[in-house]
Amino acid sequence: MIDLLLQYPITSALLALVALSLTFGALLGFAAVKFKVEGDPIVDQLDALLPQTQCGQCGHPGCRPYAQSISEGEEINKCPPGGQATINAIADLLDVEAPTLDEEHGEESELKTVAYIREDECIGCTKCIQACPMDAILGAAKQMHTVIAIECTGCDLCVEPCPVDCIDMLPVEETLQTWKWSPPAAGTAQMNNIIATDAAGEVA
Amino acid sequence: MTDFLVILISAILVNNIVLVQFLGLCPFMGVSNKLDTAIGMGGATTFVLTLAAISSYLVNTYILLPLDLEYLKTISFILVIAVVVQFTKMFIEKTSPLLYRVLGVFLPLITTNCAVLGIALQNTAKAHSFAESSLYGFGAALGFSLVLVLFSAMRERLAFADVPEPFKGAAIGMITAGLMSLAFMGFSGLV
């Protein structure tokens, strides 16, 4: 076999290169299947940091698409519901300087709000239902709509489409049932040592 | 055993791939701005260089030599290196997404790192055996990582140093590399 090949150097050269390429191609094909990456892990991490209100104020249809485009280089300061805390967390993850919130996409409100439909004015057009990212509005065509208050994230997206302007954003009253301790402020010693590994000096 | 030690020491220090043979200068200047990146790049290059030295030895000995095809050395080695780099890229992307992000474009660029091809060609020119080839590749890669890490540590400090205006940036980097090269030339009497 080798003698035969040696008689025709051109053929043997071609054969050798083709055989090499085929072997390597097969190897890479195998590796591509074996080491297949299920999505971009950084997108998952970013998605976990975003507030999951799916409000769309950043200009993306939801939190995950925004996480996706952050991983492709988009600005990280477009999330009003998350506020500065989310921006800081993302900046920490991506190891960049934390910018301040971009006011163009909305202001961070300290007050949690909930949408309220003035029901005697509602004409049943279903436009707010289509706008709601959380499916928090109940109703049907020509029927009065109403908001499921515990599902509402207060994202304001239903206010704009309403043709009769019957949706108000009301601040959520704090009752004895909903009151809870405020979380420790970021950057304090108490917050930094909240996890045992942080206290040990490890970086999560 | 002593032979192997001599090969290793000579590959790391005496015939240092970057500072004595002047191969692989592009990543040496390009990725040495931050210590973290330099360590990552050193690790990836070590992996690729060792693997490329081994596989190009195998290709040379079992395919090219029996068929009398030594003149295909360069093109087959480039093929081998490209495949090894691609494989490493997939491997790192799967196992360490963070390192993958840090290395970014430099990972595929290992393909064009002349040190990798240079080592493979030197191995055939010096008629190294299998063990010698892999050790030489590994040693050269260690030498590369060593100077890359040393150099990036220096450049991190250079960034804060009071450098005269005309020498700022890459210029002082080149001068530093030249001085380091002089220092490494001093090892030439070692083996």
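To be clear, the structure that these remarks concern was listed above.
What comes next concerns the included structure. (Residues numbered from 1 in each chain as written. Chains lettered and ligands numbered in written order. Predicted model: local features only at pLDDT ≥ 70, side-chain atom pairs only at ≥ 80, totals over all residues.)

Comments concerning the overall build of chain A
Alright, step 1. Counting its secondary structure elements, chain A contains eight helices and four strands.
Alright, step 2. Listed by position from the N terminus, the elements making up chain A come as α-α-α-α-α-β-α-β-β-β-α-α.
Alright, step 3. Within chain A, residue pairs in contact and separated by at least 24 positions form 54% of the contacts whose partners lie at least 6 positions apart. (Helix = DSSP H or I, 4+ residues; strand = E, 2+ residues; numbered from the N terminus. Contact = placed C-beta atoms within 7 Å.)

Digging into the overall build of chain B
Alright, step 1. Counting its regular elements, chain B contains nine helices and zero strands.
Alright, step 2. Beginning at the N terminus, the succession of helices and strands in chain B can be written as α-α-α-α-α-α-α-α-α.
Alright, step 3. Relative to its 191 residues, chain B shows a buried fraction of 40%.
Alright, step 4. Taking all contacts inside chain B whose residues are at least 6 apart in sequence as the whole, residues at least 24 apart take part in 80%. (Buried ≥ 20, exposed ≤ 12 C-beta atoms within 10 Å, placed from the backbone.)

So, the packing of helix H3 (residues 41–49) of chain A against helix H5 (residues 83–94) of chain A
Residue and element names in this part refer to chain A.
Alright, step 1. One way to put it is that H3 packs onto H5 with a least axis distance of 10 Å and a crossing angle of 160 degrees. In terms of axis orientation, H3 runs roughly antiparallel to H5. Two packed elements cross with a definite hand, and for H3 against H5 that hand is right-handed. Contacts between H3 and H5 involve Gln 45, Leu 46 and Leu 49 from the first element and Thr 86, Ala 89, Ile 90 and Leu 93 from the second.
Alright, step 2. Across the contact of H3 with H5, the residue classes tally to five nonpolar, two polar and no charged. (Axes fitted to C-alpha atoms, helices over the stretch in contact; angles between N-to-C directions. Parallel < 35°, antiparallel > 145°, perpendicular 65-115°, else oblique. Left-handed = near helix turned anticlockwise from the far one by under 90°. Nonpolar A, V, L, I, M, F, W, Y, C, P; charged D, E, K, R; others polar.)

Examining the interface of chain B and chain A
Alright, step 1. Counting from both sides, the interface comprises 18 residues of chain B and, opposite them, 19 residues of chain A.
Alright, step 2. No other element matches helix H4 (residues 73–95) of chain B, which puts nine residues into the side of chain B that touches chain A.
Alright, step 3. Here the residues of the side of chain B that touches chain A sort into 12 nonpolar, two polar and four charged.

Focus on the nonpolar core
Alright, step 1. Ranked by size, the top nonpolar core spans 50 residues in total, and within it Val 48, Leu 49, Ala 52, Val 84, Val 116 and Ala 140 of chain B carry the most contacts.
Alright, step 2. Elements with a minimum of two residues in this core: helix H1 (2–14), helix H3 (35–64), H4, helix H7 (114–125) and helix H8 (130–158) of chain B.
Alright, step 3. Per-element tally for this core: the top contributor is H3 of chain B, with 11 residues.
Alright, step 4. Look past the residues within four positions of Val 84 of chain B in its chain and what remains in contact with it is Val 48, Leu 51, Ala 52 and Ser 55 of chain B.
Alright, step 5. Counting 12 residues, the second largest nonpolar core, distinct from the first, contains Leu 46, Cys 58, Ala 67 and Ile 76 of chain A. (Core = buried A, V, L, I, M, F, W, Y, C linked by C-beta atoms within 7 Å.)

Things to note about unusual backbone geometry
Residue and element names in this part refer to chain A.
Alright, step 1. At Thr 126, a residue that is not glycine, the phi angle is positive and equals roughly 65 degrees.
Alright, step 2. Positive phi values are uncommon outside glycine, yet Asp 165 reaches one of about 50 degrees.
Alright, step 3. Relative to the helices and strands, Asp 165 resides in the loop between strand S3 (146–147) and strand S4 (167–171).
Alright, step 4. The exposure class of Asp 165 is exposed, given the 10 C-beta atoms found within 10 Å.

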